Structure formats: structure tokens, C-alpha cells
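For reference, the chains in residue letters:
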Amino acid sequence: MDSVDDVMSIAEMVEERRHLTAVAHRMLGSRAGAGSVVDEVYRRWYGLSARERARIVRPLSWLVTSTGHICLARLAAGPSNPPDGPPPGRPGEARNVRHRVLGTTPDAHSAVVGKPEPEREREREWEREWERGGPGDRARHSLRARRARPTAPQEHDAVSGALRDACVTQAPEALAALLAPDVSVSFDGGGKVRTRVRSVHGSRQVARSLLTLLAPQPRTTLNTGSVNGRTGLVAHYDREIAAVLTLDVAAPYVVQVWVTLNPDKLRSWT
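Now for a quick tour of the structure.

Conventions we followed
Residues numbered from 1 in each chain as written. Predicted model: local features only at pLDDT ≥ 70, side-chain atom pairs only at ≥ 80, totals over all residues. Heavy atoms only, no water. Core = buried A, V, L, I, M, F, W, Y, C linked by side-chain atoms within 4.5 Å. Buried < 20%, exposed > 50% of the residue type's maximum accessible area, 1.4 Å probe, protein only. Helix = DSSP H or I, 4+ residues; strand = E, 2+ residues; numbered from the N terminus. Contact = heavy atoms within 4.5 Å. Pairing = 2+ DSSP bridges. Phe/Tyr/Trp six-rings, centres within 6.5 Å; stacked < 30°, edge-to-face > 60°. Lys NZ or Arg CZ within 6 Å of the ring centre and 35° of its normal. Polar contact = N/O pair within 3.5 Å; in protein donor to acceptor, adjacent residues only side chain to side chain. Axes fitted to C-alpha atoms, helices over the stretch in contact; angles between N-to-C directions. Parallel < 35°, antiparallel > 145°, perpendicular 65-115°, else oblique. Left-handed = near helix turned anticlockwise from the far one by under 90°. Salt bridge = Lys/Arg side-chain N within 4 Å of Asp/Glu carboxyl O. Expected span 1.5 Å × (residues − 1).

Moving on: the nonpolar core. Of all hydrophobic cores here, the largest spans 40 residues; its most connected members are Leu175, Leu213 and Val259. Listed by contribution, the elements that provide at least two residues to this core are helix 1 (10-28), helix 9 (153-168), helix 10 (172-177), strand 1 (179-188), helix 11 (203-213), strand 4 (230-237), strand 5 (240-250) and strand 6 (253-260). In terms of residue count, strand 5 provides more of this core than any other element does, six residues in total. When sequence neighbours within four positions are dropped, the list of residues in contact with leucine 213 reads Val7, Met8, Ser9, Ile10, Met13, Phe187, Val259 and Leu261. Ala24, Val38, Tyr42 and Leu72 belong to the second-largest nonpolar core, a separate cluster that totals 17 residues.

A few words now on the sheet that holds strand 5. Taken together, the six strands give an open sheet; going across it, the order is 2-1-6-5-4-3, and neighbouring strands pair in mixed fashion. The outermost strands of the open sheet, each flanked by one partner alone, are strand 2 (200-201) and strand 3 (220-227). When strand 3 meets strand 4, the two strands line up antiparallel, connected through eight bridges. By the bridge assignment, threonine 220 is partnered in strand 4 with tyrosine 237.

A separate point is the packing of aromatic side chains. One pass over the structure, following the stated rule, counts one aromatic pair. Between tryptophan 45 and tryptophan 62, the aromatic rings sit 5.5 Å apart at their centres with planes inclined by 65°, giving edge-to-face as the arrangement. Here tryptophan 62 lies in helix 4 (residues 59-77) and tryptophan 45 lies in helix 2 (residues 31-47), a separation of 17 residues in the sequence. In terms of burial, tryptophan 45 and tryptophan 62 fall into one category: buried. The ring of tryptophan 45 has arginine 194 sitting right over it, with the charged end atom 5.8 Å from the ring centre.

Considering the arrangement of structural elements, one finds glutamine 256 in strand 6. The class for glutamine 256 is buried, based on a relative accessible area of 13%. There is a polar contact of 2.6 Å between the side chain of glutamine 256 and the side chain of serine 184. If near-sequence neighbours (up to four positions away) are discounted, glutamine 256 is found in contact with Val183, Ser184, Val185, Ser186, Thr246, Leu247 and Asp248.

Bringing the packing of helix 2 against helix 4 into the picture now. Any two packed helices are characterised by the angle at which their axes cross and by the distance between the axes. As a packed pair, helix 2 and helix 4 sit with axes 9 Å apart at the nearest point and diverge in direction by 125°. As summarised for this structure, helix 2 and helix 4 are arranged oblique, according to the angle between their axes. Crossing angle aside, the handedness with which helix 2 passes helix 4 is right-handed. Contacts from Gly33, Ser36, Val37, Glu40, Val41, Tyr42, Arg44 and Trp45 of helix 2 reach helix 4 at Pro59, Trp62, Leu63, Ser66, Thr67, Ile70, Cys71 and Arg74.

Take the pattern of salt bridges next. Applying the stated criterion to the full structure yields 13 salt bridges. Between aspartate 238 and arginine 18 there is a salt bridge; the shortest N-O distance is 2.8 Å. Here aspartate 238, found in the loop between strand 4 and strand 5, pairs with arginine 18, found in helix 1; they are 220 residues apart in sequence, far enough to count as distant. The residue aspartate 264 makes a salt bridge to lysine 192 at a minimum N-O spacing of 2.4 Å. Here aspartate 264 is found in helix 12 (residues 263-269), whereas its partner lysine 192 is found in the loop between strand 1 and strand 2, with 72 residues between them in sequence. Taken together, the salt bridges that share partners define one network made up of Arg17, Asp39, Lys192, Asp264 and Arg267.

Inspection of the secondary structure puts arginine 31 in helix 2. Given a relative accessible area of 56%, arginine 31 falls into the exposed group. Between the C-alpha atom of arginine 31 and that of threonine 21, which follows or precedes it by 10 residues, the distance is 7.7 Å. Apart from the residues lying within four places of it in its own chain, the contact partners of arginine 31 are Thr21 and His25.

If you check helix 2, its first and last C-alpha atoms are 24 Å apart, about what 17 residues at 1.5 Å a residue would give, namely 24 Å. Buried within helix 2 we find Gly33, Ala34, Gly35, Val37, Val38, Glu40, Val41, Tyr42 and Trp45. Of the surrounding secondary structure, the elements contacted by the buried residues of helix 2 are helix 1, helix 3 (50-54) and helix 4. The N-capping residue of helix 2, defined by a side-chain oxygen 3.0 Å from the backbone nitrogen of glycine 33, is serine 30.

Residue proline 252 is reached from alanine 251 by a cis peptide bond, and omega for that bond is 10°. Residues other than glycine seldom take positive phi values, yet asparagine 228 does so here, at roughly 55°. Looking at the element boundaries, asparagine 228 is found in the loop between strand 3 and strand 4. In this structure asparagine 228 comes out as exposed when scored by relative accessible area, which is 65%. Backbone geometry at arginine 239 places phi at a positive 70°, although glycine is not the residue there.

Dropping the structure here:
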């Protein structure tokens with residue numbers, strides 16, 4: 001099971017994909033081919049079980065090594081029939097090419113997968129404690145009643161603006177106060193970036209996830225903007241849209257957040 005800390009910042013997410021694309025581009029000499037390889041690398045990442053992903057203590061190393069394997073396979077097959085499987089032929093030669101191009105040692109891949117970090121069990125116990133002490137029936141009933149009433153545009157705008165300010169100033173208490181006790185956030189990476197698979201639930205956990213995702217960086221900006229006809233949040237990285245957050249508001253709380261991180265979907269926004 002993935003943990004709340006599986007959420008990456010926008011800067012880390014974008015730079016990781018750019019790095020993988022640069023590696024594939026150097027090996028293939030084709031930017032279009034490099035994008036296809038990176039998509040396949042992430043497809044393989046999400047093809048792993050949650051337990052298998054948890055055992056990978058250095059995900060970036062795993063992703064870079066997988067990028068090298070796929071590129072070598074496509075180079076060996078020729079331009080007309082690039083396969084998606086592991087590179088055929090001489091494994092020793094493949095390891096040496098990976099070492100030269102990717103900057104890894106021949107044994108680097110075997111070091112990527114290991115036992116989960118000690119902190120993971122503490123994280124899981126923290127999540128189990130939250131589940132045992134989650135919001136009660138009365139709180140859920142109250143929120144259901146609020147959801148049944150439409151939120152006025154001015155109220156929605158005010159809550160959205162306050163949420164943006166709390167994220168920019170990295171104010172966890174102020175942010176949690178804007179979130180309903182049973183709020184949830186879902187991440188749509190489309191399998192094209194590395195992000196959390198499961199939704200995050202609860203005001204404290206959602207606040208932590210959003211603060212991590214939207215952590216201030218010199219090249220990152222966060223503003224309010226029109227999202228599906230209502231005010232949401234739009235995050236830029238290097239002047240390109242890197243995330244769009246849709247907010248479901250039952251004033252005075254945010255009750256649901258949808259985060260679009262899929263690069264294909266974000267192109268239309270850009």
C-alpha cells in the first residue's frame with residue numbers, strides 16, 4: 001500500500017520525467033522515440049504491485065535503468081520493429097553500454113530493489129491509527145447536508161483563494177482548517193508521471209499531501225483560475241502548467257480535490 005509520503009512535489013515530478021526523456025533521447029537520438037520509451041517505463045512501474053514498488057528504495061535508479069533496457073532493446077531491433085521487452089543478445093555488452101550512457105555501475109540495478117525503509121512501517125501504523133480514529137457518523141452526516149446545498153460562487157471563490165494562500169505559505173494548520181474532516185484528494189497522473197495511486201483521506205493527510213505536491217520552488221507558481229467553470233488552482237513549473245486542481249466546496253470547507261497531473265491532459269490547458 002502506498003503511503004501519504006509517496007506524493008512528490010511538482011518540481012520533482014516534472015524533473016524526473018525530463019531526466020528520463022533526456023536519457024532516452026541521448027540513446028535513441030529521437031525525441032519522439034524518447035517520449036514513447038518514457039511512457040513505457042512508467043507503464044512498467046505501475047505494472048508492479050504495490051508491494052513490489054515498496055521494495056524499490058531508489059525509484060529514480062529503477063526508472064533510469066529500465067529506460068536503458070528499453071532503449072537498448074529498440075536499438076537492437078532496428079527502427080522498423082522496436083520491441084518492448086528486455087534487450088536480447090549479450091548481457092555483458094548491454095551492462096557496459098548502460099554504464100557509459102546512464103552513468104550507473106554494472107551492478108546498480110541489483111542495488112535498487114531492497115527491503116522497505118524502516119520508516120515505512122511507522123507510516124503505515126500512523127495511517128492505521130487515523131483509520132481507527134476517523135470522523136464519526138455525526139460529522140459525516142453534517143457534511144452530507146452541506147454538500148446537498150449548492151455553494152454560492154462568492155463562497156467557492158473565497159475558499160479556493162484561502163486554500164491557495166495556505167499552500168503558498170506552507171501553513172498546515174490553516175490549510176487543514178479549510179478541509180472537511182472526511183475530505184479526500186485523488187491524483188490523475190495517467191500513468192505518465194510517478195505519483196500516488198490511491199486517494200488520500202482526512203484533513204491532516206490531505207493537507208500534508210497538498211503541501212508536499214505544491215511545495216514552493218523557484219520555478220513553481222500557484223494561482224487560482226477557472227477550472228471546469230469554477231475557481232480552482234493552477235500550478236506552473238517553468239511557465240508550463242504542471243498541475244490543475246479541481247475543488248469541490250461545501251462552504252466553508254473543501255470536501256474533495258482532484259489533481260490532474262497527466263501531461264497529455266495538461267497540454268490542452270497550456
